[in-house]
Amino acid sequence: MKTSYLIQVLIIGIANGFLYYLIACGLSLIVSGIGIVNVAQGCFFILGIFLSLSLTPSIGLGWSCLLVPCIIALFAIPFERLIRPLLSKHVFYVLLATYALAMIIGDVTYYFVGGNHGLTEIPEILNGRVNIFGGKVPVYYLFICVVGLLIYAAYWLMMNRTKLGKILRANMTDRQVVGALGYNVNLLFIAMLMLAFAMSALGGVLSGCIQSYDAKGSVTVFTNVMPIIFIGGLRNMKGTLPSALLVGVVGGFAAVLTPQFYNMVPAAMMVLVMLVKPEGLFTRKEKA
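Quick look at the structure, then. Since the structure is predicted, the reported quantities are computational estimates derived from the model, not experimental observations. The written sequence of each chain sets the order in which its residues are numbered from 1. Given that the model is predicted, a residue must reach a pLDDT of at least 70 before its local features are reported, and side-chain atom pairs must reach 80 or more before they are shown or counted; all residues, however, enter totals for whole chains, interfaces and linings. As a rule here, side-chain values come from all non-hydrogen atoms in the structure, and water together with hydrogens is ignored.

Remarks on the overall build of the protein
Then comes step 1: In terms of regular secondary structure, the protein is built from 12 helices and two strands.
Then comes step 2: We take the radius of gyration over the C-alpha atoms and set the globule estimate at 2.2 Å times the residue count to the 0.38 power. Relative to the globule expectation of 19 Å for 288 residues, the C-alpha radius of gyration of the protein, 19 Å, shows essentially globular dimensions.
Then comes step 3: The principal-axis extents of the C-alpha atoms in the protein amount to approximately 60 × 50 × 35 Å.
Then comes step 4: Every residue pair with non-hydrogen atoms within 4.5 Å of one another is taken to be in contact. Residue pairs in contact within the protein that sit at least 24 positions apart in sequence constitute 76% of those at least 6 positions apart.
Then comes step 5: Charged-residue counts in this description rest on Lys and Arg as positive and Asp and Glu as negative, His and the chain ends being excluded. Just so you know, the charge point we use is NZ for Lys, CZ for Arg, CG for Asp and CD for Glu. Within the protein, one finds 18 positive and 8 negative side-chain charges whose respective centroids are separated by 10 Å. Helix and strand definitions follow DSSP, with helices as H or I runs of at least four residues and strands as E runs of at least two, each counted in order from the N terminus.

Take a look at the structure:
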């Protein structure tokens, strides 16, 4: 493989990793903050794609990146009301409920928009290629990397440098104490869900320009992203970005070298990590 082609595959893999990160980070926030696995997380990625496909021709990609996540975030309010009675029950009830919700949203989306769809048009300014060490890399993939880095930086600052972030992190550790201090735990859950859904929707907006998804493909999205959570560490949000980039890069080279096994990459990596380091590649072992 030539160096120029290697650079091109590497950057595209990193861009795909950032797209994975936008979904996986929200899913990790729900797992760590609420203690549930949301099988329907991929739905908000798919809804982001189709909503962007409708809005972008009128308002442009930039405004879609801002507006679509805000719209999809509103789904957090009825979603929280749906799962609230199940939080005290066995986790299996939440899995069934969110799986059923994924099927319902997928069928409703399919009813209104059909199956596969076209791609959202890439703005002219992002539609070219640049030469990086001899490799001709699409500008749009570099744009995805920049947006991903900005979202990561904003998310880190929010969680570590703001009062809201400190409250959310405290709620992850001991929600009973947070509630005793006078904070509304249910509103904190809604805030976490809104952030998670908005990040998934943004991933959908960005992905809709380069890849086509089926309206009923949310469970497939979930099964591709959930391994990232295990690879980074189930309750280790800090491991989400490096594990997403790792899966994106490995998947990028797998798509070139062994395209017939490309879809197996996330699951295969997860199984390998579970055998070697069950707590996750990027989780530090606590000292005795």
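Quick look at helix 6 (residues 139-161)
Then comes step 1: One fewer than the residue count of a helix, multiplied by 1.5 Å, yields its expected span. In a regular helix each residue adds 1.5 Å, so 23 residues correspond to 33 Å; helix 6 covers 32 Å between its end C-alpha atoms and thus fits that length.
Then comes step 2: Throughout this description, buried means an accessible area under 20% of the type-specific maximum (1.4 Å probe, protein chains only), exposed means over 50%, and partly exposed covers the range between. V139, Y140, Y141, I144, C145, V147, G148, Y155, M158 and M159 are the residues of helix 6 that are buried.
Then comes step 3: Looking at the packing, one finds that the buried side of helix 6 touches helix 1 (3-33), helix 3 (61-73), strand 1 (129-132), strand 2 (135-138), helix 7 (163-173) and helix 9 (185-207).

Remarks on the nonpolar core
Then comes step 1: In plain words, nonpolar cores are sets of buried Ala, Val, Leu, Ile, Met, Phe, Trp, Tyr and Cys residues tied together by side-chain atoms within 4.5 Å. By size, the foremost hydrophobic cluster in this structure holds 81 residues, and its most contacted members are Y21, Y140, Y155, F197 and L206.
Then comes step 2: The leading source of residues in this core is helix 1, at 13 residues.
Then comes step 3: Those residues in contact with Y140 that lie beyond four places of it in its chain are L61, I122, L126, V205, L206, C209 and I210.

A word on the layout of surface pockets
Then comes step 1: Within this model, the largest pocket holds a volume of roughly 570 Å³.
Then comes step 2: Points on a 1 Å grid, built from protein atoms alone, make a cavity when a 1.4 Å probe fits but cannot get out and make a pocket when they are open with protein on both sides within 12 Å along at least 5 of 7 lines; residues with an atom within 4 Å of a point are the lining residues. N16, Y20, Q211, Y213 and Y262 are, among the 25 residues lining the largest pocket, the residues nearest its centre.
Then comes step 3: Taken together, the elements giving at least two residues each to the lining of the largest pocket come down to helix 1, helix 10 (218-232), helix 11 (240-257) and helix 12 (265-276).
Then comes step 4: Tallying contributions element by element places helix 1 first for the lining of the largest pocket, with eight residues.
Then comes step 5: All residues other than Ala, Val, Leu, Ile, Met, Phe, Trp, Tyr, Cys, Pro, Asp, Glu, Lys and Arg, Gly among them, are scored as polar; the first ten of these are nonpolar and the last four charged. Broken down by class, the residue content of the lining of the largest pocket amounts to 16 nonpolar, nine polar and no charged.
Then comes step 6: One number sums up the size of the second largest pocket: a volume of about 420 Å³.
Then comes step 7: Lining of the second largest pocket is provided by 15 residues; of these, M159, R169, N236, M237 and K238 occupy positions nearest its centre.
Then comes step 8: Among the secondary structure elements, those contributing two or more residues to the lining of the second largest pocket are helix 1, helix 6 and helix 7.
Then comes step 9: Considering each element in turn, the lining of the second largest pocket owes the most residues, five residues, to helix 6.
Then comes step 10: Its residues assigned to classes, the lining of the second largest pocket comprises eight nonpolar, four polar and three charged. Grid points are joined across faces, edges and corners, and a volume is the space filled by probe spheres set on the points.

Description of a nonpolar patch on the surface
Then comes step 1: Each patch is built from residues that are more than 30% exposed by relative accessible area and take part in no salt bridge. Like charges join if they lie within 9 Å; nonpolar side chains (Val, Leu, Ile, Met, Phe, Trp, Tyr) join within 5 Å. Residue-level accessible areas treat just the shown protein chains as cover; the underlying method is Shrake-Rupley with a 1.4 Å probe. What makes a salt bridge here is a side-chain nitrogen of Lys or Arg within 4 Å of a carboxyl oxygen of Asp or Glu, nothing more. Where nonpolar side chains cluster on the molecular surface, the patch consists of I59, W63, L66, L67 and I71 and spans about 470 Å² of accessible area.
Then comes step 2: Mapped onto the elements of the fold, L66 is located in helix 3.
Then comes step 3: Looking at L66, the relative accessible area reads 53%, which means it is exposed.

Some points on the packing of aromatic side chains
Then comes step 1: The criterion for an aromatic pair is that two Phe, Tyr or Trp rings (for Trp, the six-membered ring) have centres within 6.5 Å, with stacked assigned to planes under 30 degrees apart, edge-to-face to planes over 60 apart and tilted to the rest. One pass over the structure, following the stated rule, counts eight aromatic pairs.
Then comes step 2: Ring geometry for Y111 against F112: centres 5.2 Å apart, planes inclined by 90 degrees, an arrangement best described as edge-to-face. Each member of the pair Y111 and F112 is classed as exposed.
Then comes step 3: Relative to F143, the ring of Y140 has its centre 5.8 Å away and its plane inclined at 35 degrees; by these criteria the two rings are tilted. A residue pair is termed a helical-turn pair when its members lie 3 or 4 positions apart in one helix, as Y140 and F143 do in helix 6 at three residues.

Side note on the pairing of strand 1
Regular strands place side chains that alternate from one sheet face to the opposite one.
Then comes step 1: Only strands that DSSP links by at least two bridges are regarded as paired with each other. With four bridges joining them, strand 1 and strand 2 adopt antiparallel strand pairing. Across the sheet, residue V130 finds its bridge partner in strand 2, namely V137.
Then comes step 2: Linking strand 1 to strand 2, which pair antiparallel, is a turn of two residues; within it F133 sits at a positive phi near 50 degrees.

Regarding the pattern of salt bridges
Then comes step 1: Scanning the model with the defined rule gives two salt bridges in all.
Then comes step 2: Taking the shortest distance from any N to any O, the salt bridge between R84 and E80 comes out at 2.9 Å.
Then comes step 3: Note that D107 and K216 form a salt bridge whose closest N and O atoms lie 3.4 Å from each other. Of this pair, D107 sits in helix 5 (residues 91-113) while K216 sits in the loop between helix 9 and helix 10; the two residues are 109 residues apart in sequence, bridging distant segments of the chain.
Then comes step 4: By relative accessible area, K216 is classed as partly exposed at 43%.

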